[in-house]
Amino acid sequence: MSKLLNRIVLVSTIVTRVVAQNGADSMKSLKDTFSTIADIHAGKVSLGRVTVAGWLRTKRGSKKFSFLELNDGTNSKTIQVVADAVLPNYESEIQKLTIGAAVCIEGELVESKGQGQKYEIVAKNVEVYGFADPDTYPLQKKEMTYEYLREQAHFRPRTATFAAMFRIRSRVSKFIHDFFEENGFYYAHTPIFTASDCEGGGNVFQVTTLPLEKIPRTPEGKVNYSEDFFGTPSFLTVSGQLEGELMALGLGKIYTFGPTFRAENSNTSRHLAEFWQIEPEMAFWNLTDTIQLGQDLVCYCVRRFLEECNDDLDLVVARNGVDPRPWLRMTLEKPFVRVSYTEAVKILQECGEKFEFPLGWGLDLQSEHERYLCEKHFQSPTVVYDYPADLKSFYMYMNEDGKTVHGADILVPGVGEIVGSSQREHRYDVLIERMHKKGLREEDYSWYLATRKFGTVPHAGFGLGLERLLMWMTGMGNIRDVVPFPRTPKNCLY
Ligand code: 4AD
Ligand code: MG
């Protein structure tokens, strides 16, 4: 009896040990079991046993074997997997795989005999993570329009073109950080909630926790903001500039890089309600300095883009049929053209071109005017400077003529304005006067004005729209296609 008991105890310890072992197994890394397709194509994975996971881009084959093209998002390339009919789940699963299915392949990495690819995998085991029902899966093998894909934005990262576009977006963001880091700037985080409207245009999204069905009112019938979350009307920022200035007026050279929000009802191919802006701000700099910085930043991004993003750009070019590389190379060859607003208006009035919108000194340049200047007249990125004060924001430095301000826009072919810059008004009295003219209340900007009272210095900065830069660099025609989840009027899905 005791022998039997002993045996039971022994068996149970073995079982416990096995269970404990399995417990440890269940905590093993999953990612470490895979090689990435990027690493395979970079020659970083030795031939022989390999495991990869990805989504099926295409499949062809017969009863005897199938060729599966897999992509895992790590770069623009796919890897071909050969699955033989001897595999146990060949008929039950592998033959049923369709585009979009997710699989894990264990097999042998071999040098490919086929053309166009260096490596392929001979599958030993195919595990299906998830089928994608071809009758309802929104992506098909045939070319889908960009309009259709925008409605399926949750699957755009699985398409070759958009995966390439979003990898480019990530790379270009890194180039921007590198540029500033290499040039001695500090990265400043400015707030997204704000109580001020930097551009003064009133195109702000208001943020509130007040119950909209039963808004609390003051005895005078006004909205009682003392009950709102921040105790004051508050908004999503349209620009990090004003707070960026505060940072520069202590740290010298800073830049912000974050989302900004505009409630403009402009349903155009170059406007988003949420876009990413890069805003450097520099103490002891003037307009000339900031324009040069804008040009240097743009050229730095272009140079690295041309050196490092060709595989992804090839995919975008293949889809669009437009290759931006020749014009990007031209951009690097000579300085941007610089022209005053007054001269620009004269050129446009005398050029003989028929424009839809009116022209005249004091009127804003429309997209068609901006594009004519840089695409047809100068055939170069173009800086337009010294705009009429009435067209620009309150913070721009007033020129001696009393009519124009020291602000400049950088315009590029195909897009128009990508950078808005200015020297800032650092003279207290002039700034106050400008604010009054624009109908802004001093008390709303007391902290901003204070910097002009205590240790004020000339300073300057600009805002570059990341999406507009990406449109120009990739040749994408619509801003909705360079951002993963575009926010535009009547569209806030996800
Ligand atoms: O010219 P903007 O309005 O300038 C500012 O916001 C300044 N506070 C910047 C500064 O000096 N720090 O905007 C700057 C850039 C534009 O040139 C454009 O590239 C982009 O931001 N932009 C937009 N991009 C997409 N959608 C919109 N609705 C945009 N509005 C401006
Ligand atoms: Mg602007």
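The shown structure was predicted, so the numbers you read here are calculated from the model rather than taken from an experiment. (Residues numbered from 1 in each chain as written. Chains lettered and ligands numbered in written order. Predicted model: local features only at pLDDT ≥ 70, side-chain atom pairs only at ≥ 80, totals over all residues. Heavy atoms only, no water.)

*Asks:* Before we move on, could you go through the overall build of the chain and cite the residues and values that matter?
*Replies:* When its secondary structure is counted, the chain shows 13 helices and 16 strands. Relative to the 2.2 N^0.38 estimate, which gives 23 Å for 494 residues, the radius of gyration of the chain is 29 Å and therefore markedly larger than a compact globule would have. Principal axes of the C-alpha set define a box for the chain whose edges measure 100 × 65 × 45 Å. Considering the chain as a whole, with its 494 residues, one finds that 47% of them fall into the buried category. Considering only intrachain contacts with a sequence separation of at least 6, the fraction spanning at least 24 residues in the chain is 67%. Roughly 25300 Å² of accessible area belongs to the chain as shown, and the carbon and sulfur atoms make up 54% of that amount. Between the averaged position of the 57 positive side-chain charges in the chain and that of its 64 negative side-chain charges there is a distance of 7 Å. (Helix = DSSP H or I, 4+ residues; strand = E, 2+ residues; numbered from the N terminus. Rg over C-alpha atoms; globule rule 2.2 N^0.38 Å. Buried < 20%, exposed > 50% of the residue type's maximum accessible area, 1.4 Å probe, protein only. Contact = heavy atoms within 4.5 Å. Areas by Shrake-Rupley, 256 points an atom, 1.4 Å probe, with all protein chains shown as cover. Lys, Arg positive; Asp, Glu negative; His and termini not counted. Charge placed at Lys NZ, Arg CZ, Asp CG, Glu CD.)

*Asks:* If you had to explain the site of ligand 1 to someone new, which residues and values would you point to?
*Replies:* Glu199, Gln241, Glu279, Glu417 and Ile418 are the nearest of the 23 residues found near ligand 1. Relative to its unbound accessible surface of 620 Å², ligand 1 loses 93% to contact with the protein. Listing elements by their share of the shell around ligand 1, those giving two or more residues are strand 11 (274-283), strand 15 (416-423) and strand 16 (459-465). Per-element tally for the shell around ligand 1: the top contributor is strand 15, with four residues. Considered class by class, the residues forming the shell around ligand 1 number eight nonpolar, seven polar and eight charged. (Near = heavy atom within 4 Å. Nonpolar A, V, L, I, M, F, W, Y, C, P; charged D, E, K, R; others polar.)

*Asks:* Go over the sheet that holds strand 16, please, and point to the residues and values.
*Replies:* The eight strands lie next to each other as 6-10-11-16-15-14-13-12, forming an open sheet whose pairing is mixed. In the strand order of this sheet, the two ends are held by strand 6 (186-187) and strand 12 (337-340), each with one partner. Where strand 6 and strand 10 (residues 253-261) come together, two bridges link them in parallel fashion. Looking at strand 10, one finds that Tyr187 is bridged to Tyr255. Packed onto the sheet, helix 4 (residues 160-182) meets strand 6, strand 10 and strand 11 and runs at close to 155 degrees relative to strand 10. (Pairing = 2+ DSSP bridges. Axes fitted to C-alpha atoms, helices over the stretch in contact; angles between N-to-C directions.)

*Asks:* Talk me through the environment of Met435; I want residue IDs and the actual numbers.
*Replies:* Mapped onto the fold, Met435 is located in helix 11 (residues 428-437). For Met435 and Thr161, which are 274 residues apart along the polypeptide, the C-alpha to C-alpha distance reads 46 Å. Those residues in contact with Met435 that sit more than four places away from it in its chain are Phe394, Leu440, Arg441, Glu442, Tyr445 and Leu449.

*Asks:* Let's hear about the packing of helix 5 (residues 241-251) against helix 12 (residues 446-453): which residues, and what values?
*Replies:* Two measures define how a pair of helices packs: the angle their axes make with one another and the distance between the axes. For the pair helix 5 and helix 12, the least separation of the axes is 10 Å and the interaxial angle reads 35 degrees. Remark: the crossing between helix 5 and helix 12 carries left-handed chirality. Facing Gln241, Leu242, Glu245, Leu246 and Leu249 of helix 5, the residues of helix 12 in contact are Trp447, Tyr448, Thr451 and Arg452. Within the contact of helix 5 with helix 12, the residues separate by chemical class into five nonpolar, two polar and two charged. (Left-handed = near helix turned anticlockwise from the far one by under 90°.)

*Asks:* Tell me what's going on with the pairing of strand 13 (residues 382-388), and back it up with residues and numbers.
*Replies:* Counting buried positions along strand 13 yields six of seven residues, so the element is predominantly enclosed. By the bridge criterion, four bridges tie strand 12 to strand 13 in an arrangement that is parallel. Across the sheet, the residue bridging to Arg338 is Val383, located in strand 13.

*Asks:* Give me the lowdown on the pairing of strand 3 (residues 79-84), citing residues and values where you can.
*Replies:* Among the six residues of strand 3, five are classified as buried, and the element is accordingly described as predominantly covered. Here six bridges tie strand 2 (residues 65-71) to strand 3, and the two strands are oriented antiparallel to one another. If you follow Glu69 over to strand 3, its bridge partner there is Gln80. Both strand 3 and strand 5 (residues 119-130) contribute to a ladder of three bridges, which runs parallel. Following the sheet pairing, Gln80 is matched in strand 5 by Glu120.

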